[in-house]
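Examination of the molecular architecture
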Amino acid sequence: MVCPSRGRKNRVPVTAAGRPRCPCHGELPWVVDVASERFAEAVERAEGPCWWTCGRRGSGPCRQVSPVLDQLVRERAGRLKLAKVNADLEPDVVTRHQIRGIPTLLLYRGGREVSRVVGAQPASALRRWLDEQPAEPAGPGRDAAR
């Protein structure tokens, strides 16, 4: 991830305590690709709100919405984690979470799903959807990236 404050590149782990920060102490967007074996750790046990998307790399709607998701997470750096799950590579996650359409966006808090959107949505609709969710800090703890 590139620090929005200083433009420095940083490695952001799939899981960590706290929030990812650049050595300059700027908040980093937290965007990660998650495989099924790390899903529970990365999403269900995340300290703060975790938004995850289930999609397919070759899908037109997924390609359309991906840059929108990245932008919305950059706008919420330090307050929201985005975990991306490839439906083709992780069919057990798709089945377990009853994904019926691609892309599906889910918001998790405290290990539980609190909201879901199915299908590609325009940036304004996704921004409104996120803004309607109750605010919650990403959680205390040590910095997640160095």
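Since the structure is predicted, the reported quantities are computational estimates derived from the model, not experimental observations. (Residues numbered from 1 in each chain as written. Predicted model: local features only at pLDDT ≥ 70, side-chain atom pairs only at ≥ 80, totals over all residues. Heavy atoms only, no water.)

1. Quick look at the overall build of the protein
Along the backbone of the protein there are four helices and five strands. Each helix (α) and strand (β) of the protein, taken in turn from the N terminus, gives the series β-α-β-α-β-α-β-β-α. Across the 146 residues of the protein, 49% fall into the buried class. For the protein, long-range pairs separated by at least 24 residues make up 66% of all intrachain contacts whose partners lie at least 6 apart in sequence. For the protein, the accessible surface area stands at approximately 7700 Å², while carbon and sulfur atoms represent 47% of it. (Helix = DSSP H or I, 4+ residues; strand = E, 2+ residues; numbered from the N terminus. Buried < 20%, exposed > 50% of the residue type's maximum accessible area, 1.4 Å probe, protein only. Contact = heavy atoms within 4.5 Å. Areas by Shrake-Rupley, 256 points an atom, 1.4 Å probe, with all protein chains shown as cover.)

2. Concerning the packing of aromatic side chains
Scanning the model with the defined rule gives three aromatic pairs in all. Their ring planes at 50° and their centres at 6.0 Å tell us that Trp 51 and Trp 129 sit as a pair that is tilted. Residue Trp 51 is found in strand β2 (residues 50-55), and its partner Trp 129 is found in helix α4 (residues 123-131); the two are separated by 78 residues along the sequence. Both residues of the pair, Trp 51 and Trp 129, count as buried. (Phe/Tyr/Trp six-rings, centres within 6.5 Å; stacked < 30°, edge-to-face > 60°.)

3. Focus on the nonpolar core
With 18 residues, the main nonpolar core has Val 34, Phe 39, Val 43, Trp 52 and Ala 83 as its most contacted residues. Within the residue set of this core, elements represented by two or more residues are β1 (30-33), α1 (36-44), β2, β3 (81-86), α3 (91-96) and β4 (104-109). Beyond its immediate chain neighbours, meaning those up to four positions away, Val 43 contacts Cys 50, Trp 52, Ala 83 and Tyr 108. Listed in part, the 15 residues of the second largest apolar core include Val 31, Leu 72, Leu 80 and Leu 105. (Core = buried A, V, L, I, M, F, W, Y, C linked by side-chain atoms within 4.5 Å.)

4. Overview of the packing of helix α2 (residues 60-75) against α4
Where α2 contacts α4, the axes come no closer than 10 Å and their chain directions differ by 40°. Put simply, α2 runs oblique to α4. Here the hand of the crossing between α2 and α4 comes out right-handed. Listed contacts from α4 to Val 65, Val 68, Leu 69, Leu 72 and Glu 75 of α2 are Ala 123, Leu 126, Arg 127 and Leu 130. (Axes fitted to C-alpha atoms, helices over the stretch in contact; angles between N-to-C directions. Parallel < 35°, antiparallel > 145°, perpendicular 65-115°, else oblique. Left-handed = near helix turned anticlockwise from the far one by under 90°.)

5. Notes on the sheet that holds β3
Strands in a sheet are paired, the pairing made by backbone hydrogen bonds, and the direction either parallel or antiparallel. Here we have five strands laid out as an open sheet, ordered β1-β3-β2-β4-β5, and mixed in their pairing. Edge positions in the sheet fall to β1 and β5 (112-118), since each has one partner strand and no second. Here the strands of the sheet are splayed against their neighbours by 20° on average, with no regard to which way each runs. Pairing between β1 and β3: four bridges, direction parallel. Within β3, the position partnered with Asp 33 by the bridge is Lys 84. Sheet strands in contact with α1 are β2, β3 and β4, and its direction is about 145° off that of β2. (Pairing = 2+ DSSP bridges.)

6. Brief notes about the confidence of the model for the protein
The pLDDT averaged across the protein works out to 80; a share of 74% of its residues lies at or above 70. Ignoring residues within four places in sequence, the model shows residues 137-146, a span with pLDDT below 50, making 35 contacts including any to other chains. (pLDDT = per-residue confidence, 0-100.)

7. As for α2
Between its first and last C-alpha atoms α2 spans 24 Å; for 16 residues at 1.5 Å apiece the expected length is 22 Å, and the two agree. Taken as a whole, α2 carries its principal kink of about 30° at Ser 66; the proline Pro 67 stands between one and four residues after it. Within the span of α2, buried status applies to Cys 62, Val 65, Val 68, Leu 69, Leu 72 and Val 73. Of the surrounding elements, those touching the buried residues of α2 are β1, β2, β3, β4 and α4. (Expected span 1.5 Å × (residues − 1). Bend = angle between axes of the 7 residues up to and from the residue.)

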